[in-house]
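So you can see what is in the structure, the chains are spelled out below.
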Number of protein chains: 2
Amino acid sequence: MKTIDVCLSPELMHLYPVHDKTVVVVDVLRATSCMVTAFAHGAESITPFANLDACREMKLKGYITSGERDGKKVEGFDKGNSPFEYMSDDIQGLKIAFTTTNGTMAIEKSKGAKEVIIGSFLNLNAVAKYLLFNENNVLVVCAGWKGRVNLEDTLFAGALVEKLKDYLGPDCDAPLAARHLYNIAKSDMSKFLSESSHVKRLNKLNIHEDFEFCLSIDKYNKLPRLKNGVLVS
Amino acid sequence: MKTIDVCLSPELMHLYPVHDKTVVVVDVLRATSCMVTAFAHGAESITPFANLDACREMKLKGYITSGERDGKKVEGFDKGNSPFEYMSDDIQGLKIAFTTTNGTMAIEKSKGAKEVIIGSFLNLNAVAKYLLFNENNVLVVCAGWKGRVNLEDTLFAGALVEKLKDYLGPDCDAPLAARHLYNIAKSDMSKFLSESSHVKRLNKLNIHEDFEFCLSIDKYNKLPRLKNGVLVS
């Protein structure tokens, strides 16, 4: 039986050999939700940057610059980190340079993997279907918050473990914990997450709509994947 | 309101400032359960060592040597890592040098804290009561398994968060996750943990009795604490 494991924070990545694995990077609130939304609206590519200045420089090469630090849009950037900014017709064909506090860092740390794909609740089923028919063992990398474990990414990992439970066995305790948490939360994820620290942070920024949107399941049938350091779909 | 946070793996310790905190180190299976048991049977002190050779050398200074690597007693050591080895009358007055795969490493990494105490299900109430009347914020450090998150230490953390919920607020998402998991597990922790990786590891070593014993709640009213690098009670 193939296995599925969950790395609850990018700071634990060094414990997980990934050269032979498919890594699913998830940052539900909001980086990977934005990425999936952008591809669903025709973006050509998204180049993730852990470093802010490197991201900013891409403007000179015809990219639009996107992202946040501490939940807020970066000054001088074209777009922030709300999925609603990636839905208009003008996304079509764009090349996007993207940097966020946690999500793009998690992608950076996953680059040694056999393959890297992007997960969110918005494309949960697309991810699950892909993993089912793929031959590799799986590691879900939760972006967390500045290295700390968060609930929303853990729930996504748990949703994947639950969906694939008849086909991929848990490799350690983290996927078991994530699955239990998802199974408590699934009937009302919004309520379950309302006490989480990141949701409180987002509510302070008046972006409750983003939160609700990012919990929509299977809105898009897109599977962004990393190819030579660039996300395509 | 004072706060309680949970560090799910010693590999995440660098994210948590501890100089002003009371740290509770837990390694349910089995290091901290052994320590509490030893003090309940009259041990004078336990000196934790992350390094095996440093621990071995203490024999020359009149200590008994205890511990395990990969769940097995270290060759040439006086005692292993089963709580049943720390219950006999001959424990009375002993100075013990102790090293384990995960637990003593977690203690080592906690040494910058304002104070360090030792937790297990065996002394859950003693720990909770102490934290309640203590003025510091709290960090529970789960020993995990070789850096990875495990279920049993997470459950102990969750039990503490649950017990103290009216007096200590969760500082981040990890205590919320731990509390949820404990609340699912509490009616039958043994069953809940039966699928966990460490329990499977222990069962292979024929130490199912240890597992059941380490889940006994409030068996001992002892509170081991670190004083100049040495545990006393």
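Per chain, the residues get numbers from 1 upward, laid out in the order the sequence is written. Following the order in which they are written, the chains are lettered starting with A and the ligands numbered starting with 1. Where totals are concerned, whole chains, interfaces and linings use all residues; where local detail is concerned, this predicted model gives features only for residues with pLDDT of at least 70, and gives and counts side-chain atom pairs only at 80 or more. Excluding hydrogens and water, the side-chain figures rest on all heavy atoms present in the structure.

(A) Representation of the overall build of chain A. Helix and strand content of chain A: nine helices and 11 strands. For a compact globule the rule gives 2.2 Å times the number of residues to the power 0.38, and the radius of gyration it is set against comes from C-alpha atoms. Its C-alpha atoms give chain A a radius of gyration of 16 Å, near enough to 17 Å, the size a compact globule of 233 residues would have. In terms of overall dimensions, chain A has C-alpha extents of about 50 × 35 × 30 Å along its principal axes. The long-range share in chain A, meaning contacts at least 24 apart out of those at least 6 apart in sequence, stands at 77%. Here the Shrake-Rupley method, with its probe set to 1.4 Å, supplies the accessible areas, and only the displayed protein chains count as covering residues. When the accessible surface of chain A is summed, it comes to about 9,000 Å², and 48% of that surface belongs to carbon and sulfur atoms. Starting at the N terminus, helices and strands are each numbered in turn, a helix being any DSSP run of H or I of at least four residues and a strand any DSSP run of E of at least two. Contacts: residue pairs with any heavy atoms within 4.5 Å of one another.

(B) Here's a closer look at the nonpolar core. The set of buried Ala, Val, Leu, Ile, Met, Phe, Trp, Tyr and Cys residues whose side-chain atoms join them within 4.5 Å is what this entry labels a nonpolar core. When accessible area is computed with a 1.4 Å probe and restricted to protein chains, residues below 20% of their type maximum are described as buried, those above 50% as exposed, and intermediate ones as partly exposed. Of all hydrophobic cores here, the largest spans 154 residues; its most connected members are Val140 and Leu160 of chain A together with Val140 and Leu160 of chain B. Once residues lying within four places of it in the same chain are set aside, the contact partners of valine 140 of chain A are Ile4, Asp5, Val6, Cys7, Val24, Val26, Phe156, Ala157 and Leu160 of chain A.

(C) Structural detail: the interface of chain B and chain A. Between chain B and chain A, the residue contacts involve 29 residues of the former and 29 residues of the latter. The junction of chain B with chain A conceals about 2,500 Å² of combined surface from both sides, 62% of it contributed by carbon and sulfur atoms. Buried surface area refers to the total accessible area, computed with a probe of radius 1.4 Å, that the two partners give up upon joining, counted for both partners together. In terms of surface lost to chain A, no three residues of chain B exceed Arg148, Asp173 and His180 of chain B, which account for 27% of the buried area on that side. What makes a salt bridge here is a side-chain nitrogen of Lys or Arg within 4 Å of a carboxyl oxygen of Asp or Glu, nothing more. The tally of links between chain B and chain A comes to two salt bridges. Polar contact is the term for a pair of N or O atoms within 3.5 Å; when the atoms are in protein, one must be able to donate a hydrogen and the other to accept it, and sequence-neighboring residues count only if both atoms are side-chain atoms. On inspection of chain B and its partner chain A, the count reaches 10 residue pairs in polar contact (both at pLDDT 80 or more). Of all elements in the fold, only α5 (151-163) and α6 (173-185) of chain B reach the threshold of two or more residues within the side of chain B that touches chain A. Tallying contributions element by element places α6 of chain B first for the side of chain B that touches chain A, with eight residues. The nonpolar class holds Ala, Val, Leu, Ile, Met, Phe, Trp, Tyr, Cys and Pro. Asp, Glu, Lys and Arg form the charged class, and all remaining residues, Gly among them, are polar. Its residues assigned to classes, the side of chain B that touches chain A shows 14 nonpolar, seven polar and eight charged.

(D) Looking closely at the relation of the copies chain B and chain A. A residue counts toward the fit only if its pLDDT is at least 70 in both copies, and the copies are then superposed by least squares on the C-alpha atoms of those residues. Between chain B and chain A, which share one sequence, the superposing operator has a rotation angle of 180° and an axial displacement of 0.0 Å; the RMSD is 0.0 Å. With respect to symmetry, the two chain copies, as superposed, fit the operation of a two-fold axis. A shared binding surface is used by both copies, with 100% of the interface residues of chain B retained as interface residues in chain A.

(E) Quick peek at the confidence of the model for chain A. Known as pLDDT, the predictor's confidence for each residue is given on a scale from 0 to 100. Averaged over all residues, the pLDDT of chain A is 94; the fraction at 70 or higher stands at 100%. Both scores are available for the predicted complex, with the pTM at 0.95 and the ipTM at 0.94.

(F) Quick look at the environment of serine 197 of chain B. Relative to the assigned elements, serine 197 of chain B resides in helix α8 (residues 197-204). Along the backbone, serine 197 of chain B and threonine 3 of chain B are 194 residues apart, and their C-alpha atoms lie at a distance of 30 Å. Look past the residues within four positions of serine 197 of chain B in its chain and what remains in contact with it is Cys172 and Asp173 of chain A.

(G) Looking closely at helix α1 (residues 31-40) of chain A. Residue and element names in this part refer to chain A. The buried fraction of α1 is high, at nine of 10 residues. What α1 keeps buried is the set Ala31, Thr32, Ser33, Cys34, Met35, Val36, Thr37, Ala38 and Phe39. Looking one or two residues beyond α1, the residue adopting positive phi is glycine 42, at roughly 95°.

(H) Quick look at unusual backbone geometry. In this structure, arginine 30 of chain A follows leucine 29 of chain A across a cis peptide bond, with omega equal to 10°. One can find arginine 30 of chain A in the loop between β2 (21-26) and α1. Positive phi, close to 60°, is recorded for aspartate 218 of chain A, a residue that is not glycine. With respect to the secondary-structure elements, aspartate 218 of chain A resides in the loop between α9 (208-214) and β10 (225-227). Residue lysine 146 of chain B is not a glycine yet carries a positive backbone phi of 50°. Summarising the element assignment, lysine 146 of chain B is placed in the loop between β8 (137-142) and α5.

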